[in-house]
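# Descriptive analysis of the structure
Below are the chains, spelled out letter by letter.
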Amino acid sequence: MKIVVIQGPNLNMLGVRDQNVYGPMKLEDIHAQMKGFAEQNKVEIEFFQSNLEGEIVDRIQECMGDADGIIINPAAYTHTSIAIRDALAAVKIPAIEVHLSNIHAREEFRHTSLTAPVCAGQIVGMGPFGYHLAMIGMLEIFNQVNAMRQAQQQAQEAAQQK
Ligand code: DQA
C-alpha cells in the first residue's frame, strides 16, 4: 500500500514562518518521522510540496492507479481552491486533510475548508503530531479496504463454485 503526502504553499517555510502558530519543526523533519513510521508499518510513502495550485492538482491526478491514500495539507488553498477539491473528488482515493494549526480558532477566512468535504477526515490543531495521527488513520482505512477486498474475493469465489 502506498501513501502520497502533499504539502501546499509556504509549508516549505516551516521552522522559519510564524513559529508561534506552526512551531519550530521543519518540513523535512516531519517527513523523516512519517517515513520512519511508514517503514515500521511496511507502507510505501512519497512526499511532494508545491507553492503552485496547478502542480498540486497534477500531483493528485498522478496518484490515480499509483497511490492508495493521500495525506494533504493544502495550506492556504484549503480555503480557496475548487480545483484541488475537484481533483481530490475525481481520483476517488481516500484522503486525510491535516492542518498544523486549529483553523477553526483562527481568522474567519480560515474556518471554511473547501477540500475537507471530499476527504475521509480532517485533523487540525495538533501541530506536527497531526501528520502522525493521519498516518494512523490511513492505516485503519487500508485495513478496512483490504478486509472489503478479501470479502469481495471470497464472495466471487463462492459464486464461481456454484
Ligand atoms: C495551515 C492553515 C492554513 O490556513 C494556512 O494558510 C497554512 C497552514 C495549517 O497547517 O495550519 O498555510 O494549513
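Read on for a plain summary of the structure. All figures in this text were calculated on a predicted structure; none of them were measured in a lab.

## Topic: the overall build of the chain
A count of helices and strands for the chain gives 5 helices and 5 strands. Secondary structure elements of the chain, listed N to C terminal, follow the sequence β-α-α-β-α-β-α-β-β-α. Rg of the C-alpha trace for the chain: 17 Å, near the compact-globule value of 15 Å for 162 residues, within the 12% margin. When burial is assessed residue by residue, the chain has 41% of its 162 residues classed as buried. On the chain, roughly 8700 Å² of surface is accessible, and the fraction owed to carbon and sulfur atoms is 51%. For the chain, the centre of its 12 positive side-chain charges and the centre of its 18 negative side-chain charges are spaced 4 Å apart.

## Remarks on the site of the ligand
Taken together, Arg 17, Tyr 22, Asn 73, Ala 75, Ala 76, His 79, His 99, Leu 100, Ser 101, Ile 103, Arg 106 and Arg 110 form the complete shell of residues around the ligand. Here an oxygen atom of the ligand sits 2.9 Å away from a polar atom, N or O, in the side chain of Asn 73. Taking Ala 76, its main chain carries an N or O atom lying 3.3 Å from an oxygen atom of the ligand. Coverage of the ligand by the protein amounts to 98% of the 320 Å² it exposes when considered alone. A molecule is said to occupy a pocket when more than half its atoms come within 2 Å of that pocket's grid points, and by this definition the ligand occupies the largest pocket. Considering only residue class, the shell around the ligand consists of 5 nonpolar, 4 polar and 3 charged.

## Description of the pairing of strand 1 (residues 2-7)
Across the 6 residues of strand 1, 6 count as buried, placing the element largely inside the fold. Across 6 bridges, the pairing between strand 1 and strand 2 (residues 44-49) is parallel. Opposite Lys 2, over in strand 2, you have Glu 44 as the bridge partner. The pairing of strand 1 with strand 3 (residues 69-73) spans 5 bridges and is parallel. Each bridged residue has a counterpart across the sheet, and for Val 4 the counterpart in strand 3 is Ile 70.

## Here's the deal with the side chain of Lys 2
Here Lys 2 is to be found in strand 1. For Lys 2, the side chain forms a polar contact with the side chain of Glu 46, separated by 2.8 Å. Other than its neighbours up to four places away in sequence, Lys 2 contacts Glu 44, Glu 46, Asp 66, Ala 67, Asp 68, Gly 69 and Phe 142.

## Some points on the nonpolar core
The nonpolar side chains of a soluble globular protein tend to be buried with one another. One finds Ile 3, Met 34, Ile 71, Tyr 131 and Met 135 to be the most contacted residues of the largest nonpolar core, which totals 25 residues. Broken down by secondary-structure element, the contributors of at least two residues to this core are strand 1, helix 2 (27-40), strand 4 (95-99) and helix 5 (129-161). Sorting elements by how many residues they give to this core places helix 5 first, with 7 residues. When neighbours within four sequence positions are excluded, Ile 3 is seen to be in contact with Val 43, Glu 44, Ile 45, Glu 46, Gly 69, Ile 71, Met 135, Met 138 and Phe 142. In this structure, Ile 60, Ala 67, Val 91 and Ile 93 belong to the second largest nonpolar core, which totals 17 residues.

## Concerning the layout of surface pockets
A water-sized probe, rolled over the atoms, reveals where empty space remains. Counted as a void, the largest pocket has a volume near 160 Å³. Together, 16 residues line the largest pocket, and Arg 17, Tyr 22, Ala 75, Ala 76 and Arg 110 are the ones closest to its centre. Here the residues of the lining of the largest pocket are counted per class, giving 7 nonpolar, 6 polar and 3 charged.

So, how was this worked out
Residues numbered from 1 in each chain as written. Predicted model: local features only at pLDDT ≥ 70, side-chain atom pairs only at ≥ 80, totals over all residues. Heavy atoms only, no water. Helix = DSSP H or I, 4+ residues; strand = E, 2+ residues; numbered from the N terminus. Rg over C-alpha atoms; globule rule 2.2 N^0.38 Å. Buried < 20%, exposed > 50% of the residue type's maximum accessible area, 1.4 Å probe, protein only. Areas by Shrake-Rupley, 256 points an atom, 1.4 Å probe, with all protein chains shown as cover. Lys, Arg positive; Asp, Glu negative; His and termini not counted. Charge placed at Lys NZ, Arg CZ, Asp CG, Glu CD. Near = heavy atom within 4 Å. Polar contact = N/O pair within 3.5 Å; in protein donor to acceptor, adjacent residues only side chain to side chain. 1 Å grid on protein atoms, 1.4 Å probe; cavity = no way out; pocket = protein on both sides within 12 Å on 5 of 7 lines; lining within 4 Å. Sits in = over half its atoms within 2 Å of the grid points. Nonpolar A, V, L, I, M, F, W, Y, C, P; charged D, E, K, R; others polar. Pairing = 2+ DSSP bridges. Contact = heavy atoms within 4.5 Å. Core = buried A, V, L, I, M, F, W, Y, C linked by side-chain atoms within 4.5 Å. Points joined across faces, edges and corners; volume = space filled by probe spheres on them.

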